[in-house]
Amino acid sequence: MSVQLDHLIVAAATLEQGAAWCETTLGVMPGAGGKHPLMGTHNRVFRIASEAYPLLYFEIIAIDPEAPSPPHPRWFGLDGAALQSSLRDEGPRLIHAVARSTMLDMHRWGLITVGQKPGDPVDLSRATATGLLEWQMLVRKDGGLDNAGALPTLLQWKSRHPAEALPDSGVTLTALALNGITARARDVLRLRGVSVSPTGGPALCATLSTPKGEVILESAP
């Protein structure tokens, strides 16, 4: 009944800024992604899977300037003025992780029972060159993140997993630490291959093996 790490999210002021940051920081250029019409965002992605994380990818996400503003807050707190100002002035940064479940409703109610706010199920899709991706995701009505982003957003794939169609990038995740998640929430998720702590350190800390050597990405304090 555990969940598995699905993808890491780095927010950028623009996708162009995010791609340049990725090439400079990780030594790779992210591949094409797509648009999220319901949320007014778009992304670029690349595979970071390894033996420990067999289906895993890296997402760079930004507000889509060509999309109309949605009638609700965008996901992952992207509408926040402080976040957008920081992204413009200081550059892209790791903000969140997403995990997948095959029993999304069960995990949602489990988190609610222990005092978390995982959000409500929303059906989403994104067109790609290799076919339509479809999934159901828990999204809070206020667009916010629980535990400063440490508590992963949960989804359940209805289509193939996007990492299946992504080539090896030369980047792999070697470790992920999530700090600030209560022991009760940790026990609901039983997130495999991830260090979960109720205290200490940044909300997220990811260690990656890259063409530039080991790179550690941390969320803002």
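So, here's what we can say about the structure. Nothing here was measured: the structure is a model prediction, and the numbers come from that model. (Residues numbered from 1 in each chain as written. Predicted model: local features only at pLDDT ≥ 70, side-chain atom pairs only at ≥ 80, totals over all residues. Heavy atoms only, no water.)

Focus on helix H1 (residues 15–26)
Rules: To qualify as a helix, a DSSP run of H or I must reach at least 4 residues; to qualify as a strand, a run of E must reach at least 2; elements of each kind are numbered from the N terminus. Expected span of a helix: the number of residues minus one, times 1.5 Å. Summary of the burial criterion: residues with accessible area below 20% of their type's maximum are buried, those above 50% are exposed, and those between are partly exposed, where the area comes from a 1.4 Å probe applied to protein chains only. This arc is built from the directions going out from the helix axis to the C-beta atoms.
The first and last C-alpha atoms of H1 sit 16 Å apart over 12 residues, in line with the 16 Å expected at 1.5 Å per residue. Of the residues making up H1, those classed as buried are Leu15, Gly18, Ala19, Trp21, Cys22 and Leu26. Considered in projection along H1, the buried side chains sweep an arc of 165° and stay on one side of the axis. Opposite the buried face of H1, at more than 90 degrees from it, the exposed residues are Glu16 and Thr24.

Describing the pairing of strand S2 (residues 31–36)
Cut-off, in case you're wondering: At least two DSSP bridges between two strands are required for those strands to pair.
Relative to strand S3 (residues 41–47), S2 runs antiparallel, the two sharing five bridges. For Gly34, the partnering residue across the bridge sits in S3 and is Asn43.

Let's talk about the nonpolar core
The criterion, for reference: Only buried residues count toward a nonpolar core. Its members are Ala, Val, Leu, Ile, Met, Phe, Trp, Tyr and Cys residues joined through side-chain atoms within 4.5 Å. Contacts were defined at the residue level, with two residues in contact if any of their heavy atoms lie within 4.5 Å.
Within the largest apolar cluster, 45 residues are counted, with the highest numbers of intra-cluster contacts made by Leu5, Leu8, Leu26, Ile48, Phe58, Leu173 and Leu176. The element that contributes the greatest number of residues to this core is H1, accounting for four residues. With near-sequence residues (within four places) excluded, Ile48 lies in contact with Leu8, Leu56, Tyr57, Phe58, Val171, Thr172, Leu173 and Leu208. Judged by nonpolar contacts, the second largest core, of 23 residues, contains Tyr57, Leu87, Ile95 and Trp157.

Regarding the packing of aromatic side chains
Test applied: To pair, rings of Phe, Tyr and Trp, with the six-membered ring standing in for Trp, must have centres within 6.5 Å; the planes then decide the type, stacked if under 30 degrees apart, edge-to-face if over 60, and tilted in the middle. As a reminder, the over-ring test applies to NZ of lysine and CZ of arginine, requiring each to be within 6 Å of the ring centre and within 35 degrees of the ring normal.
Across all of its chains, the model carries four aromatic pairs by this definition. Aromatic side chains Trp135 and Trp157 sit 5.3 Å apart centroid to centroid with 50° between the ring planes, which places their arrangement in the tilted category. Taken together, the residues Trp135 in strand S7 (residues 131–139) and Trp157 in strand S8 (residues 153–157) connect sequence positions 22 residues apart. There is no split in this pair, since Trp135 and Trp157 are both buried. Feature note: the residues Trp21, Phe46 and Phe58 constitute an aromatic cluster, connected by ring pairs. One cation-aromatic arrangement involves Arg108 over Trp109; the distance from NZ or CZ to the ring centre is 5.0 Å.

Some details on the sheet that holds strand S9 (residues 172–179)
For clarity, the threshold we go by: Interaxial angles span 0 to 180 degrees and are taken between N-to-C directions of axes, which are lines fitted to C-alpha atoms, for helices over the stretch in contact.
Strand order in the open sheet formed by four strands is S10-S9-S11-S12, and the pairing between neighbours is mixed. Each edge of the sheet is formed by a strand with only one pairing partner; in this case those strands are strand S10 (195–197) and strand S12 (213–218). Strand-to-strand, the axes of this sheet are offset by a mean angle of 15°, without reference to chain direction. Here strand S11 (residues 204–210) runs beside S12; their pairing, made up of six bridges, is antiparallel. Within S12, the position partnered with Ala206 by the bridge is Leu217. Packing of H1 onto the sheet brings it into contact with S11 and S12, and relative to S12 it is tilted by some 135°.

Focus: the side chain of Ser86
Within the secondary structure, Ser86 is located in helix H2 (residues 81–90). Those residues in contact with Ser86, other than ones at most four positions away along the chain, are Gly91 and Arg93.

Topic: the pattern of salt bridges
This is how the line gets drawn: Salt bridges are counted wherever a side-chain nitrogen of Lys or Arg sits within 4 Å of a carboxyl oxygen of Asp or Glu.
Overall, the coordinates contain 11 salt bridges when judged by the stated rule. A salt bridge links Arg108 to Asp120; the nearest nitrogen and oxygen atoms lie 2.7 Å apart. Of the two residues, Arg108 sits in helix H3 (residues 104–113) while Asp120 sits in strand S6 (residues 120–128), which places them 12 residues apart along the sequence. Across the salt bridge formed by Lys141 and Asp120, the nearest N and O atoms sit 2.4 Å from each other. Within this pair, whereas Lys141 is found in the loop between S7 and S8, its partner Asp120 is found in strand S6, the two being separated by 21 residues in sequence. Look at Lys141 and you get exposed, because its relative accessible area is 66%. Using a relative accessible area of 25% as the deciding quantity, one classes Asp120 as partly exposed.

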